[in-house]
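Chain by chain, the residues run as shown.
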Amino acid sequence: MADQVTITFPDGAERQFPNGTTGTEIVAGISKSLLKKTLAMALDGVVMDLADPIKSDVGIEFLNRDDPRALELIRHDCAHVMAEAVQQLWPGTQVTIGPVIEDGFFYDFAKEDPFKPEDIAKIEKRMQQIIANNAPFTKEVWSRADTKKHFAAQGEHYKVELVDAIPEGEDVKIYKQGEWLDLCRGPHMVSTGQIGKAFKIQKFAGAYWRGDAKNAQLQRIYGTAWANEKELKAYLTRLEEAEKRDHRKLGREMDLFHFQEEAPGSVFWHDKGWDLFLSLISYMRRRQQDAGYIEVNSPDMMDRTFWELSGHWENYRENMFVSETEDERTFCCKPMNCPGHVQIYKHGLKSYRDLPLKMAEFGKVHRYEPSGALHGLLRVRHFTQDDAHIFITEDQLMKECLAINDLMLSIYKDFGFEDIFIKLSLRPEKRVGADDLWDKAEKALSDVLDEVSKRSDGNVKTAINPGEGAFYGPKLEYVLRDAIGREWQCGTTQVDFNLAERLGAFYIDEKSEKRTPVLIHRAMFGSLERFAGILIENFAGHLPLWLSPLQAVVCTIVSDADDYARDIHDKLRSAGLKSSLDLRNEKINYKVREHSLAKVPVLLVVGKREADEGKVSIRRLGSKDQTVVDLDEAIAMLSAEATAPDLKRKATAT
RNA sequence: GCCGCUGUAGCUCAGUGGUAGAGCGCACCAUUGGUAAUGGUGAGGCCGGGAGUUCAAUUCUCCCCAGCGGCACCA
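Residues numbered from 1 in each chain as written. Chains lettered and ligands numbered in written order. Predicted model: local features only at pLDDT ≥ 70, side-chain atom pairs only at ≥ 80, totals over all residues. Heavy atoms only, no water.

Trainee: Got a sec to walk through unusual backbone geometry? Specific residues and values, please.
Mentor: P187 follows G186 through a cis peptide bond whose omega is -5°. Here P187 is to be found in the loop between β11 (180-183) and β12 (199-208). Here the bond from L355 into P356 is cis, since omega is -5°, no more than 30 degrees from zero. Structurally, P356 is set in the loop between α12 (338-346) and β20 (357-366). In this model, D44 sits at a positive phi of 50°, which is unusual for a non-glycine residue. Along the chain, D44 falls in the loop between β3 (40-43) and β4 (46-48). Overall, the relative accessible area of 54% leaves D44 in the exposed class. (Helix = DSSP H or I, 4+ residues; strand = E, 2+ residues; numbered from the N terminus. Buried < 20%, exposed > 50% of the residue type's maximum accessible area, 1.4 Å probe, protein only.)

Right, here's the structure in full:
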């Protein structure tokens, strides 16, 4: 072992130190103020405890709290302090795991009595004390046996399990902060005081040990921590903004839909919401027709034998709506459209010349989702899929998947979603079909993914999810990023070498032989209900004109303008615009406020002046300004804007 | 489904062991006002459902349902 190590500083300077010198010693040698500011070091880019000895030649960086890498340390340390606070306040509580997550951290505890809402303040207060004590974080490496003995003696059974989970050959590290210690792989900051004040305990929740519902349920505490108060405040504001976009709230305010307890997980669409829904279907229907799809409609209920054949009965029986009828038959509300589509396919002999056969349906599927999963429009028990099944020969697979991809990306773009992420989900444990068919299907989708990624010049990001596929085949899942950076999984392309055969579908090939088609399942919006919810949140209720169920309200300032307003309303209607008339005996301020709150995109305000001159005053949602233009001009402009993007493209193409 | 919290007027929410209150909205009257709340009057409630304790339950206890926040699930 060398006596000396060469350390390279961020400015490029190199210096020799005795082997085993710690980061702390080096910083202390530079300046007291730097030592005070430094939370940790990075050796050749790897973040380490400042107190770690340096045993080889490396490049060193010192992390202060403004370093982006420091945030993770602050949150991690904050989780430790929270755990200490909880164990101080409620002795006997067992600690389990406490990782850093996006925007914060959590720690899971095993504790008899549940935490109460008022405990948040108690925990925060105790954490402040621990942070004020500013105890240093110190690291020790213990033997496995000693560690297990220690935790077993403390009654920390989960920690004993965690020690067993540490891979052989890896050190068992213990971090101490004052009297308190935790099993942890680190790294940590220098002392608890470095966490600062910009943290907050957010909420309590239940969570299963090791994420498995078969295990005990622990109590999770979520918290957040930031480098400074300003960032914390910005984060809390961001949460508030997201809350304002909540589609459940906006749905009520905009009078789009409602839910009630007699139909949990089912939507009561009001006229305006249904108008939006129908706009989405019309749009998708046009896009699919243009792409060579046929549209069909299959029964909502079919005999259970179909679902046994398809494998749904075996895999999803508990999640199906099942009905016993007077004739003692068992019918199931369809949880998927595929078996129905295969029946339509099978009606009449198919030739290879008929393939690819692209069969679409706006089918309403019924799934008895677990009660705790329901969430507004985003997770319901009855939803409409823009579903399609594409029957192909094996060698058409690549071409069809790419065509679907192109259509998918083009459609998302029409709604303003251009930041797309595609996940490839591979075979799950519970599945049907032989492994060689899975090999083939996974290879095919993987090739498609590579090709899509290549074509997009790296604009489309991709990832692979082992074990997440459907029971009958692997899938590509399209994830959209919305206006405030949240991700929503929508479209899916699934390659299925199993179902067509199970349901007895075939075609006659060039050699007059029977062959089984490959089935591609695909949805682009996914669920119409869910997509509508996503759009409401993405646009914060400010729907683009072509999707808005009420595009304009004609408001009068004085009743002398009533006849003129009626005239405008009629003309808007004739031009295909969705308008309504507000002739109420109210002040214009009142009308503007009310329609603005209802997110009406365009207000056409008319008083005596406009009536005399044949003009309208246009006020757009979100703007305080108005422009006065000729009525005909206004109608032409709004009509153009209200045209769906695909129709606009067609109009300019001809 | 599991853990915790919540359920009072159309909406947002106060409140109490002696069967209820506000604001907004709604109806009516007056007001014709130029771009985010004109004034007045009035109507509106099985206090989520069921059982128990009590002289008396919206209030306390238990069970159920639904919603919310998570976890698990998501063909």
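Trainee: Explain the pairing of strand β24 (residues 475-481) to me, using residue names and the numbers behind them.
Mentor: Residues in a regular strand project their side chains so that they alternate between the two faces of the sheet. Of all seven residues in β24, six are buried; the element is thus mostly enclosed. Bridging between strand β22 (residues 420-425) and β24 involves six bridges; their strand directions are antiparallel. Opposite I422, over in β24, you have Y478 as the bridge partner. Joining the antiparallel neighbours β24 and strand β25 (residues 487-496) is a turn of five residues, in which G485 adopts a positive phi near 85°. (Pairing = 2+ DSSP bridges.)

Trainee: Tell me about the layout of surface pockets, and name the residues and values.
Mentor: Counted as a void, the largest pocket has a volume near 1400 Å³. Mapped onto the lining of the largest pocket, the elements with two or more residues apiece are α11 (312-316), β21 (382-392), β22, β24, β25 and β28 (518-527). Size it by volume and the second largest pocket reaches roughly 960 Å³. Lining the second largest pocket are 25 residues; nearest its centre among them are D103, Y235, L239, A242 and R486. Those elements that place two or more of their residues in the lining of the second largest pocket are β8 (104-110), β12, β13 (217-225), α7 (229-244) and β25. Tallying contributions element by element places α7 first for the lining of the second largest pocket, with five residues. By residue class, the composition of the lining of the second largest pocket is nine nonpolar, five polar and 11 charged. (1 Å grid on protein atoms, 1.4 Å probe; cavity = no way out; pocket = protein on both sides within 12 Å on 5 of 7 lines; lining within 4 Å. Points joined across faces, edges and corners; volume = space filled by probe spheres on them. Nonpolar A, V, L, I, M, F, W, Y, C, P; charged D, E, K, R; others polar.)

Trainee: Mind laying out the protein's contact with RNA strand B, listing which residues take part and the relevant values?
Mentor: Among the 55 residues in the neighbourhood of RNA strand B, the closest are listed as Q217, M336, I557, N585 and E610. Protein-proximal atoms of RNA strand B, defined as those within 4 Å of the protein, fall in sugar or phosphate at a share of 50%. Here R248 contributes a side-chain N or O atom positioned 2.8 Å from a phosphate oxygen of RNA strand B. At a separation of 2.3 Å, a sugar or linking oxygen of RNA strand B approaches a polar side-chain atom of R619. Those elements giving two or more residues to the surface near RNA strand B turn out to be β12, β13, α8 (247-253), α11, α18 (588-597), α19 (608-613) and β32 (615-620). The element best represented in the surface near RNA strand B is α18, accounting for seven residues. (Near = heavy atom within 4 Å. Polar contact = N/O pair within 3.5 Å; in protein donor to acceptor, adjacent residues only side chain to side chain.)

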